[in-house]
Amino acid sequence: MQYRQMGTTGDEVSILGFGCMRLPKTGGRWDEKKSERLIAAAIEEGINYFDTAYLYFGNEALVGKILAGGRRDKIQLATKLPPMQVNTRADMDRFLDIQLKRLATDRIDYYLLHSLMSFDSWKRLKELGIEDFLEKAKRDGKIRRAGFSFHGWRAEFKSILDDYPWDMAQIQYNYFDENNQAGREGLLYAASKGVGVVIMEPLRGGYLVDKLPAEVHGIFERTTPRRSAAEWGLRWVWDQPEVTAVLSGMNEPAQLTENIRVASHMTPNTLTDDEKRMFDEVRDIIRQKIKVPCTGCAYCMPCPAGVDIPGCFSLYNDKNIHKGLVRESSYLFRTSGFDGGRPSYASLCVECGACEKKCPQSLPIRQYLKDVSRDMEKGFFKPSMGVLRGYMGLMSKRKKKKGPSGPGISDQSDSK
């Protein structure tokens, strides 16, 4: 494993960080045994930066339990305060104390303000006393370093950087988003101020691996040396010396093994001119095909009307990128609630706008949902939905008549 210094802090962190938000789940619940095996293997291989958050429901407690077995002192632990839930100075202390308890630790190495969108969001926290909170928490030994994660535009990013002596910042950055959000300009600016930069979404939530157009895979396969889409994506980010660490949401041993292999020998400024031109070609192909630039972060959820916003966008993009491989029928079954859940298709949107206020990408979600509905909910959709819902209602009634031989569809829905 290779390490880089976190800005001017003196901390040496592994260039591959472990993003805990995507730890494995079984039946919709965190799989503790699989997660422990992954985290233990990661630490054994030299990964020493682990990232979680208050808003990753249940994740802090899981991570804390796994680290409590003698692993905590081997790593740098990062978590995040949820600014949208902070309304008083006392709230800040309350959240931090809850997080320390969940994480079973007496200190947090990197304490971030979660998903700042603009200077105004930072200004609001300042007026509530965030600077005093951070400094006191440092004096009390509850946190070691202060940072923030960011999902706004580069001008706002620079303004926040200039307004407080930050230790680090976390930004979305990958070869497709080179000039989106904080972008390369923000990365270079942070580095010029001695602020460490941790990268999230280096593979755009898996989009730059599993959902690439066939033409892009063809380019990667023809390029020498031949590497996987994931390796090319990570190499592009690690090639930049201003990047301190790259978070990867690994949930399978194979992902961990591959990422460690790449991280073990990747050094900055090693991409050739031909490889850089290859990335330019790849970007152009993706831009021609993508319909909705959603990363699947799910910050927009839950939707008050029940729409599975990232799920609808994912299916819509897949249909347009992978022509012929994803059809309206897939959308119907995925959004019908056929598995016992509630319907979640795009036209359920009531245009309340709650999602757009929470979207890190500032996407016009309501308009995009109309586009999804027009394309994916064609003539057969509503009649088919009625048939499916009628069938589900009939099955539910039959199960109730038969008695409690097991959880019926309605029971499963209520338990979610």
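Anything mentioned here points back to the structure above.
Note that this is a predicted model, so its numbers are computed, not measured.

(A) View of the state of the cysteines. Throughout the structure, instances matching the rule amount to 0 disulfides. In this structure Cys-300 is a free cysteine whose sulfur lies 6.4 Å from that of Cys-294, the closest cysteine sulfur available. A relative accessible area of 9% places Cys-300 in the buried class.

(B) Seen up close, the nonpolar core. Judged by nonpolar contacts, the single largest core of 85 residues is most densely connected at Phe-50, Phe-148 and Tyr-175. Sorting elements by how many residues they give to this core places helix α10 (residues 229–238) first, with 7 residues. Residue contacts for Phe-50: discarding those within four places in its chain leaves Phe-18, Cys-20, Ile-39, Ala-42, Ile-43, Ile-75, Gln-76, Leu-77 and Ala-78.

(C) Representation of the packing of helix α13 (residues 309–321) against helix α16 (residues 365–376) in the model. Here α13 crosses α16 at 55°, and the two axes come no closer than 10 Å. Put simply, α13 runs oblique to α16. As α13 runs across α16, the sense of the crossing is left-handed. Across the interface between the two elements, Ile-309, Cys-312, Phe-313, Leu-315, Tyr-316, Lys-319 and Asn-320 of α13 pack against Ile-365, Tyr-368, Leu-369, Asp-371, Val-372, Asp-375 and Met-376 of α16. Tallied by class, residues from the contact of α13 with α16 come to 10 nonpolar, 1 polar and 3 charged.

(D) Just α10, in detail. Within α10, 10 of the 10 residues are buried, leaving the element largely enclosed by the surrounding structure. Buried within α10 are the following residues: Ala-229, Ala-230, Glu-231, Trp-232, Gly-233, Leu-234, Arg-235, Trp-236, Val-237 and Trp-238.

(E) A look at the pairing of strand β10 (residues 168–172). Counted residue by residue, β10 has 5 buried out of 5 residues, so it is predominantly covered. Where burial is concerned, the two faces of β10 agree: the one with Met-168, Gln-170 and Gln-172 and the one with Ala-169 and Ile-171 are both buried. Relative to β10, strand β9 (residues 143–150) runs parallel, the two sharing 4 bridges. Counterpart to Ser-149 in the pairing with β10 is Gln-170. With respect to chirality, the unit in which β9 leads through helix α6 (residues 154–162) into the neighbouring parallel β10 is right-handed. Here β10 pairs with strand β11 (residues 196–200) via 5 bridges, running parallel. Across the sheet, Ala-169 pairs through a bridge with Val-197, a residue of β11. Handedness of the crossover joining β10 and β11 through helix α7 (residues 183–192) is recorded here as right-handed.

(F) Looking closely at the pattern of salt bridges. On inspection of all chains with the given rule, the structure shows 36 salt bridges. Among the ionic pairs, Asp-106 bridges to Arg-107, the shortest N-O distance being 3.2 Å. Judged by its relative accessible area of 56%, Asp-106 is exposed. With a relative accessible area of 22%, Arg-107 lands in the partly exposed category. Across the salt bridge formed by Asp-371 and Arg-374, the nearest N and O atoms sit 2.3 Å from each other. Of this pair, Asp-371 and Arg-374 both sit in helix α16, 3 residues apart, which is roughly one turn of the helix. Through salt bridges with shared partners, a single ionic network connects Asp-11, Arg-72, Asp-109, Arg-144 and Arg-145.

(G) Structural detail: the side chain of Thr-9. Relative to the helices and strands, Thr-9 is located in the loop between β1 (3–5) and β2 (12–14). Look at Thr-9 and you get buried, because its relative accessible area is 15%. A polar contact of 2.7 Å, which involves the side chain of Thr-9, links it to the backbone oxygen of Met-6. Separated by 3.1 Å, the side chain of Thr-9 and the backbone nitrogen of Asp-11 make a polar contact. Not counting residues up to four positions away in its chain, the partners in contact with Thr-9 are Tyr-110, Arg-145 and Asp-167.

(H) How the structure looks around the packing of helix α3 (residues 89–102) against helix α5 (residues 130–139). It is at 9 Å that the axes of α3 and α5 come closest, and there the two elements cross at 35°. The crossing of α3 and α5 is right-handed. Contacts between α3 and α5 involve Arg-89, Met-92, Asp-93 and Leu-96 from the first element and Ile-130, Asp-132, Phe-133, Lys-136 and Ala-137 from the second. Of the residues contributing to the contact of α3 with α5, the split by class is 5 nonpolar, no polar and 4 charged.

Definitions and limits used
Residues numbered from 1 in each chain as written. Predicted model: local features only at pLDDT ≥ 70, side-chain atom pairs only at ≥ 80, totals over all residues. Heavy atoms only, no water. Disulfide = S-S within 2.5 Å. Buried < 20%, exposed > 50% of the residue type's maximum accessible area, 1.4 Å probe, protein only. Core = buried A, V, L, I, M, F, W, Y, C linked by side-chain atoms within 4.5 Å. Helix = DSSP H or I, 4+ residues; strand = E, 2+ residues; numbered from the N terminus. Contact = heavy atoms within 4.5 Å. Axes fitted to C-alpha atoms, helices over the stretch in contact; angles between N-to-C directions. Parallel < 35°, antiparallel > 145°, perpendicular 65-115°, else oblique. Left-handed = near helix turned anticlockwise from the far one by under 90°. Nonpolar A, V, L, I, M, F, W, Y, C, P; charged D, E, K, R; others polar. Pairing = 2+ DSSP bridges. Right-handed = clockwise from strand over helix to strand, strands pointing away. Salt bridge = Lys/Arg side-chain N within 4 Å of Asp/Glu carboxyl O. Polar contact = N/O pair within 3.5 Å; in protein donor to acceptor, adjacent residues only side chain to side chain.

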